Amino acid sequence: MTKVKKVLKAGLAVGLLVASSASSASVWAPTDNDAQFANPFALLFNIPSGEKFGIFEDTASLSSTLGNAAITPVLSFTDAATVLFTQNGSNVDIKTDSSNGTLLGSSNFQLGWWSPAGWVTEHSSSMLNLLGKTSWSLAFVDPTHQGAGNEHRLFAFDIQASQATSDGGAPVPLPASVWFMTSALLGFLAKGRRKSSVFA
């Protein structure tokens, strides 16, 4: 959390609301071996608010409009956390000062906010212009409350939009020699076909 405080408090207060590139990405990936997350109270004022957030598998069944109380996060934290990502074979171990878990198959993940109805994923996300392409403001909407005050924010640093993957191992790419042999074989077949049509 000290990294977040040192780097961000000065510039973030000015540029927090200046956002662009609004999207609805719900799957994320870290851009390095750690990522920082904080709600506005913890980030700007160092005030605990008791909001609970979770990191889920990229394929988890989360919705931005319906809470899911049955689903369990891979890791959860309150108000703010620095999350470390460590490759472990095809999986990725994640941990904070007080919690740990494992993402299966990739480092891709979803973020959730604990609402009165259960876990919800972000309703919208906006890149923070002044802080670069890896800094985001995520908005979570309370499905049990309509009108003003139903939006909750989480600021995330060192993450990028990604996409859900299967939780199996990464596919093994074909060697370059296979591609060269295939293109050569197709070339010979096309040339041979052209010659046979000339002599017929």
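Residues numbered from 1 in each chain as written. Predicted model: local features only at pLDDT ≥ 70, side-chain atom pairs only at ≥ 80, totals over all residues. Heavy atoms only, no water.

**Some remarks on the packing of aromatic side chains**
Using the criterion set out here, one finds eight aromatic pairs in the structure. Relative to W119, the ring of F56 has its centre 5.1 Å away and its plane inclined at 75°; by these criteria the two rings are edge-to-face. One end of the pair, F56, is in strand 4 (residues 52-57); the other, W119, is in strand 10 (residues 118-121), with 63 residues separating them in the sequence. Take F56 and W119: they sit in the same class, and that class is buried. Both rings, one in W114 and one in W119, keep their centres 5.3 Å apart while their planes meet at 70°; by these two values the pair is edge-to-face. (Phe/Tyr/Trp six-rings, centres within 6.5 Å; stacked < 30°, edge-to-face > 60°. Helix = DSSP H or I, 4+ residues; strand = E, 2+ residues; numbered from the N terminus. Buried < 20%, exposed > 50% of the residue type's maximum accessible area, 1.4 Å probe, protein only.)

**Things to note about the nonpolar core**
Core analysis: the biggest nonpolar cluster contains 25 residues, and F37, I55, I94, F109 and L111 have the highest contact counts within it. Looking at this core, the elements that each hand over two or more residues are strand 3 (34-38), strand 4, strand 5 (75-78), strand 6 (80-88), strand 7 (91-95), strand 9 (109-115), strand 12 (135-141) and strand 13 (151-157). With near-sequence residues (within four places) excluded, I55 lies in contact with F37, P73, V74, L75, V83, I94, L103, F109, Q110 and L111. (Core = buried A, V, L, I, M, F, W, Y, C linked by side-chain atoms within 4.5 Å. Contact = heavy atoms within 4.5 Å.)

**With respect to unusual backbone geometry**
With a phi close to 70°, D79 is a non-glycine residue in the positive phi region. For D79, the position within the fold is in the loop between strand 5 and strand 6. Unusually for a residue other than glycine, D158 sits at a positive phi of about 70°. Note on placement: D158 falls in the loop between strand 13 and strand 14 (159-161).

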